[in-house]
Amino acid sequence: MIATGNANAVIAGGVELLSDLPIRYNKSARGALLGFAKAKDVPSKLKVGAEFVKNALFPELPVVTEFSSGETMGHSGDRLAASFNISRREQDEFAMRSHTFAAEAAKNGKLSDIIPVFLDGKKPVTIKADNGIRVSSMEKLSSLKPAFVKPHGTITAANSSYMTDGATAALIMTEDFALANGYKPKAYLRDYMYVSQDPKDQLLLSPAHVIPKLLDKAGLGLKDIDVFEIHEAFAGQVLANIEAMDSDYFCTEKMKRSGKYGRVPLEKLNLWGGSLSIGHPFGATGVRLAIHSAHRLKEEKGQYAVIAACAAGGHGVGMLVEAYGK
């Protein structure tokens, strides 16, 4: 809207309350509830009521599944990690890295954009920091059982992003409008791109597809990027995307490039933690990635940052962020 001149200032954000998910009655129970109003006499009402009672204790629990295939994200992530030979140890090490970096960033005051939230209830509490960051040991992580593909899968609760409550908002403006109204920008949103691919076998590979296309469009290469922020749905998913971009086979066969694109350097990736450690409230993660990029560019005195995230349906997004230097 800003790029086309239809707005000077926009607030973008999202919120998730995953600790209080709506849980539906199953289809039979729902049908009985609807049928109760249509029942004309007592025997009919008793029959419908019995049908409801029989099914009421078997709700449809919410799961994160891909709509087009019916497969859970965890199953897809496990298959992806296996296809790129990402070991369980590599995934656990990456998860521990995420939590360690997030803990260090929080301790050093780098996650300064968090606003305290007061929660009223039986035990009123003020939350002042992300409360899912837990630095553990490899011994403890390796003791966890597979969460999705049992018994031989490699994705566990510890090397997956966890669902949590969260909310974010960002104020996006044209530079002229921001300066005229007394705001100092944090960064430029220079360019963006959406991609989509096979939601069955490449559901979580959007970063590998979008990063080369976005940088080609901008006339840049991996070496020009100072900061990378890639959404950590699963540790294996991030590592698989890194391997995919550095694979001759994947880049030539799946992306129709002349050869491998290159390797995202880990020393520039998610240095303040990511979704594995901070959590993944779906509607809020995008702004979190953007603000981490902007703040890291300032902290690390870099010029360009790249954001990439996979999404349901085989979709994904990439964004190029530039430091504001004025």
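Scroll up for the structure.
Described in the following lines is the structure provided in the data block.

The rules behind the values
- Residues numbered from 1 in each chain as written.
- Predicted model: local features only at pLDDT ≥ 70, side-chain atom pairs only at ≥ 80, totals over all residues.
- Heavy atoms only, no water.
- Helix = DSSP H or I, 4+ residues; strand = E, 2+ residues; numbered from the N terminus.
- Buried < 20%, exposed > 50% of the residue type's maximum accessible area, 1.4 Å probe, protein only.
- Contact = heavy atoms within 4.5 Å.
- Axes fitted to C-alpha atoms, helices over the stretch in contact; angles between N-to-C directions.
- Parallel < 35°, antiparallel > 145°, perpendicular 65-115°, else oblique.
- Left-handed = near helix turned anticlockwise from the far one by under 90°.
- Nonpolar A, V, L, I, M, F, W, Y, C, P; charged D, E, K, R; others polar.
- Salt bridge = Lys/Arg side-chain N within 4 Å of Asp/Glu carboxyl O.
- Phe/Tyr/Trp six-rings, centres within 6.5 Å; stacked < 30°, edge-to-face > 60°.
- Lys NZ or Arg CZ within 6 Å of the ring centre and 35° of its normal.
- Core = buried A, V, L, I, M, F, W, Y, C linked by side-chain atoms within 4.5 Å.
- Pairing = 2+ DSSP bridges.

1. Looking at the overall build of the chain
Right, on to step 1. Tallying secondary structure elements over the chain gives 11 helices and 8 strands in all.
Right, on to step 2. For the chain, the C-alpha atoms occupy an extent of roughly 75 × 50 × 40 Å along the three principal directions.
Right, on to step 3. Taking all 326 residues of the chain together, the buried fraction comes to 42%.
Right, on to step 4. Once local pairs closer than 6 in sequence are excluded, the contacts in the chain between residues at least 24 apart make up 74%.

2. Quick notes on the packing of helix H7 (residues 206–218) against helix H8 (residues 235–245)
Right, on to step 1. The N-to-C vectors of H7 and H8 enclose an angle of 45°; their axes lie 8 Å apart at closest approach. With respect to H8, the axis of H7 lies oblique. Relative to H8, the crossing made by H7 is right-handed. Residue-level contacts link Ser-206, Pro-207, Ala-208, Ile-211 and Pro-212 of H7 to Gln-237, Asn-241, Ala-244 and Met-245 of H8.
Right, on to step 2. When grouped by side-chain class, the residues that make up the contact of H7 with H8 number 6 nonpolar, 3 polar and no charged.

3. Remarks on the pattern of salt bridges
Right, on to step 1. Taken as a whole and judged by the stated rule, the model has 18 salt bridges.
Right, on to step 2. Asp-92 is the partner of Arg-88 in a salt bridge, and the nearest nitrogen-oxygen pair spans 2.9 Å. Taken together, the positions of Arg-88 and Asp-92, both in helix H4 (residues 88–107) and 4 residues apart, correspond to about one turn of that helix.
Right, on to step 3. With a relative accessible area of 1%, Asp-92 lands in the buried category.

4. Comments concerning the packing of aromatic side chains
Right, on to step 1. According to the stated counting rule, one finds 5 aromatic pairs in the structure shown.
Right, on to step 2. Arranged with centres 5.2 Å apart and planes meeting at 75°, the rings of Tyr-25 and Phe-52 form a pair that is edge-to-face. Here Phe-52 lies in helix H2 (residues 42–56) and Tyr-25 lies in the loop between strand S1 (9–16) and helix H1 (27–36), a separation of 27 residues in the sequence.
Right, on to step 3. Ring centres of Tyr-192 and Tyr-194 lie 6.1 Å apart, and the angle between their planes is 75°; on these two criteria the pair is classed as edge-to-face.
Right, on to step 4. Over the ring of Phe-36 we find Lys-45; its NZ or CZ atom is 4.8 Å from the centre of that ring.

5. Structural notes on the nonpolar core
Right, on to step 1. Ranked by internal contacts, the top residues of the largest apolar core, which has 44 residues, are Phe-84, Ile-211, Leu-215, Ile-225 and Leu-320.
Right, on to step 2. When residues of this core are traced back to their parent elements, those giving at least two are helix H3 (73–83), H4, strand S5 (187–196), H7, strand S6 (227–230), H8, helix H9 (248–253) and strand S7 (304–310).
Right, on to step 3. By residue number, the principal contributor to this core is H8, which donates 7 residues.
Right, on to step 4. Other than its neighbours up to four places away in sequence, Phe-84 contacts Leu-205, Ala-240, Glu-243, Ala-244 and Phe-250.
Right, on to step 5. Counting 7 residues, the second largest nonpolar core, distinct from the first, contains Val-227, Leu-289, Ala-305 and Ala-309.

6. Description of the sheet that holds S5
Right, on to step 1. As summarised here, the arrangement of the 4 strands in space is S5-S8-S7-S6, forming an open sheet in which the pairing is mixed. Both outer strands of the open sheet, S5 and S6, are each paired with one neighbouring strand and no more. The sheet shows a mean angle of 15° between the axes of neighbouring strands, taken without regard to direction.
Right, on to step 2. With 7 bridges connecting them, S7 and strand S8 (residues 315–323) associate as antiparallel partners. By the bridge assignment, Ala-309 is partnered in S8 with Val-317.
Right, on to step 3. Together, S5, S6, S7 and S8 form the strand contacts of helix H11 (residues 285–300), whose direction differs from that of S6 by roughly 160°.

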